[in-house]
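Residue-level structural notes
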Amino acid sequence: MADAESDSAVNATLSEAEGAANATAKFVATPEGTAVAYGSLVLMALLPIFFGALRSVSCAKAKNSNDMPETITSRDAARFPIIASCTLFGLYLFFKIFSQEYINLLLSMYFFILGILALSHTISPAMNKVFPASLPNKQYQLLFTQGTGETKEEIVNYEFDTKDLVCLVFSSVIGVWYLLKKHWIANNMFGLAFALNGVELLHLNNVSTGCILLGGLFIYDVFWVFGTNVMVTVAKSFEAPIKLVFPQDLLEKGLAANNFAMLGLGDIVIPGIFIALLLRFDVSLKKNSRTYFYTSFLAYVFGLGLTIYIMHTFKHAQPALLYLVPACIGFPVIVAVVKGELTDMFRYEEKADLPDKVTLDETKGDLKENKKEQ
């Protein structure tokens, strides 16, 4: 039975956890418990990818600058594995030099705040549908400025309403529960929110950038899992909702179960933003089909299933991106070759500056009209 291992905050590895109730004897999961745990992890991984990809389409069309996604360029993608490696090794040194207790206390407070904001943003669309129409939905504005008169400058200008406040209160309750108990359900609620927000708000500008990012993190994942003990050390020391967990002894112990199978958020978000890009490519084709999205989505299921099978067969934790990256890139490319759309796929470019382009087109039109009048 594999020991508990997960990745860094950027990317974590699928693994089986060591029983916390007995430090000397490992818990032997029943076939039923193992099936329930892995099936639940797969389902939880698919939910933020599917709904995050759908929400990314609306996010890409947002006109409000506050709702605009963060676009990852090829330069960002090339540097990302290096930055992730430096972050991972830095955490490793911190845990070796300083007290693990104080570091995790700071990390818990940091992820407590981020988790509340992420969960609030995640449940906001649902709240808009279930919020009673009879209740007044008042508008609020949080404004911080600096200076006076002509030198007055806005620092924070955040607009929200009653529905947002309700989401924030609910998320805060979950946050306090996680902070005090570190319960696996609260951990998963924050983890799912982080994953969905990542898939929704992190956009690759083209397929080539996606291949660079996934390829770089493929090497990163394999090296830090198989080449050193750095990732394992950080994973065992790091206490934060950066992974989804599900107990293998749930059938025996109920909600008090403590022997977990894990899936890191990096193994969800990194392939997820590539799958979301292919959905937006499908939309750009205007053929009322989602061929590339469903192909990459099924490829993810295949890659994750293969990871679980290999790990369970060889009883050793596996870097999930080792199997997910070839599947998520290879399957859509094969489909594009068969359909004769490979060139179109790699030429597809997201227009991050759409409002500027629209303004430029309107300006050109006005110039032409002025010339005609003259």
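As the structure is a prediction and not an experimental result, all values here were calculated from the model. (Residues numbered from 1 in each chain as written. Predicted model: local features only at pLDDT ≥ 70, side-chain atom pairs only at ≥ 80, totals over all residues. Heavy atoms only, no water.)

1. Description of the side chain of T307
Of note, T307 is situated in helix α10 (residues 291-314). Its relative accessible area of 0% is what places T307 among the buried residues. A polar contact is formed between the side chain of T307 and the backbone oxygen of G303, at a distance of 2.8 Å. (Helix = DSSP H or I, 4+ residues; strand = E, 2+ residues; numbered from the N terminus. Buried < 20%, exposed > 50% of the residue type's maximum accessible area, 1.4 Å probe, protein only. Polar contact = N/O pair within 3.5 Å; in protein donor to acceptor, adjacent residues only side chain to side chain.)

2. With respect to the environment of F190
With respect to the secondary-structure elements, F190 resides in helix α5 (residues 184-201). The sequence separation of F190 and T122 amounts to 68 residues, and the corresponding C-alpha distance is 9.9 Å. Excluding residues that lie within four positions of it along the chain, F190 makes contacts with F111, F112, G115, I116, L119, S171, I174, G175, Y178 and P241. (Contact = heavy atoms within 4.5 Å.)

3. A closer look at the pattern of salt bridges
Summed over all chains, the structure comprises five salt bridges. Between R79 and D76 there is a salt bridge; the shortest N-O distance is 3.2 Å. Residue R79 and its partner D76 are both found in helix α2 (residues 74-97); the two are separated by three residues, about one turn of the helix. Since its relative accessible area comes to 43%, R79 is described here as partly exposed. Judged by relative accessible area, which is 27%, D76 ranks as partly exposed. For E341, the salt bridge goes to K287, with nearest N and O atoms at 2.4 Å. Of this pair, E341 sits in the loop between α11 (321-339) and α12 (342-347) while K287 sits in the loop between α9 (266-285) and α10, and the two are 54 residues apart along the sequence. On the basis of relative accessible area, K287 is assigned to the partly exposed category, the value being 46%. Within the structure, one salt-bridge network assembled from shared partners comprises K287, K339 and E341. (Salt bridge = Lys/Arg side-chain N within 4 Å of Asp/Glu carboxyl O.)

4. So, the packing of α2 against helix α7 (residues 230-237)
In the contact formed by α2 and α7, the axes pass within 9 Å of each other and the chain directions differ by 60°. Viewed along their axes, α2 and α7 adopt a mutual orientation that is oblique. Considering how the two elements wind past one another, α2 and α7 form a crossing that is left-handed. Contact with α2, carried on its side by L88, F89, L91, Y92, F95 and K96, involves V230, M231, T233, V234 and S237 of α7 and no other residues of that element. Taken together, the residues of the contact of α2 with α7 break down into eight nonpolar, two polar and one charged. (Axes fitted to C-alpha atoms, helices over the stretch in contact; angles between N-to-C directions. Parallel < 35°, antiparallel > 145°, perpendicular 65-115°, else oblique. Left-handed = near helix turned anticlockwise from the far one by under 90°. Nonpolar A, V, L, I, M, F, W, Y, C, P; charged D, E, K, R; others polar.)

5. Let's talk about the packing of helix α3 (residues 100-130) against helix α4 (residues 162-181)
Angle between the axes and distance between the axes are the two parameters that describe a pair of packed helices. α4 packs onto α3 with a crossing angle of 140° between their chain directions and a minimal axis gap of 8 Å. If you check the angle between α3 and α4, you find them oblique. You can see that α3 and α4 cross each other, and the crossing is right-handed. Along the contact surface, α3 presents S108, M109, F112, I116, L119, S120, I123, S124, M127 and N128, while α4 presents K163, D164, V166, C167, L168, F170, S171, S172, I174, G175, V176 and L179. For the contact of α3 with α4, the per-class residue count stands at 13 nonpolar, seven polar and two charged.

6. Quick word on the side chain of E341
For E341, a relative accessible area of 6% corresponds to the buried category. Within the structure, the side chain of E341 is placed 2.4 Å from the side chain of K287, a separation counted as a polar contact. When residues no more than four places from it in sequence are discounted, the contact partners of E341 are L285, K287, Y292 and A336.

7. Let's talk about the packing of aromatic side chains
Applying the stated rule across the entire model yields 17 aromatic pairs. Ring centres of Y178 and F190 lie 5.8 Å apart, and the angle between their planes is 55°; on these two criteria the pair is classed as tilted. Of this pair, Y178 sits in helix α4 while F190 sits in helix α5, and the two are twelve residues apart along the sequence. With respect to burial, Y178 and F190 carry one shared label: buried. Aromatic pair F293 and F297: ring centres 5.9 Å apart, planes at 35°, arrangement tilted. Linking F293 with F297, this pair stays in helix α10, spanning four residues, or about one helical turn. Each member of the pair F293 and F297 is classed as buried. Looking at K182, its charged tip hangs above the ring of Y178, at a distance of 5.4 Å from the centre. (Phe/Tyr/Trp six-rings, centres within 6.5 Å; stacked < 30°, edge-to-face > 60°. Lys NZ or Arg CZ within 6 Å of the ring centre and 35° of its normal.)

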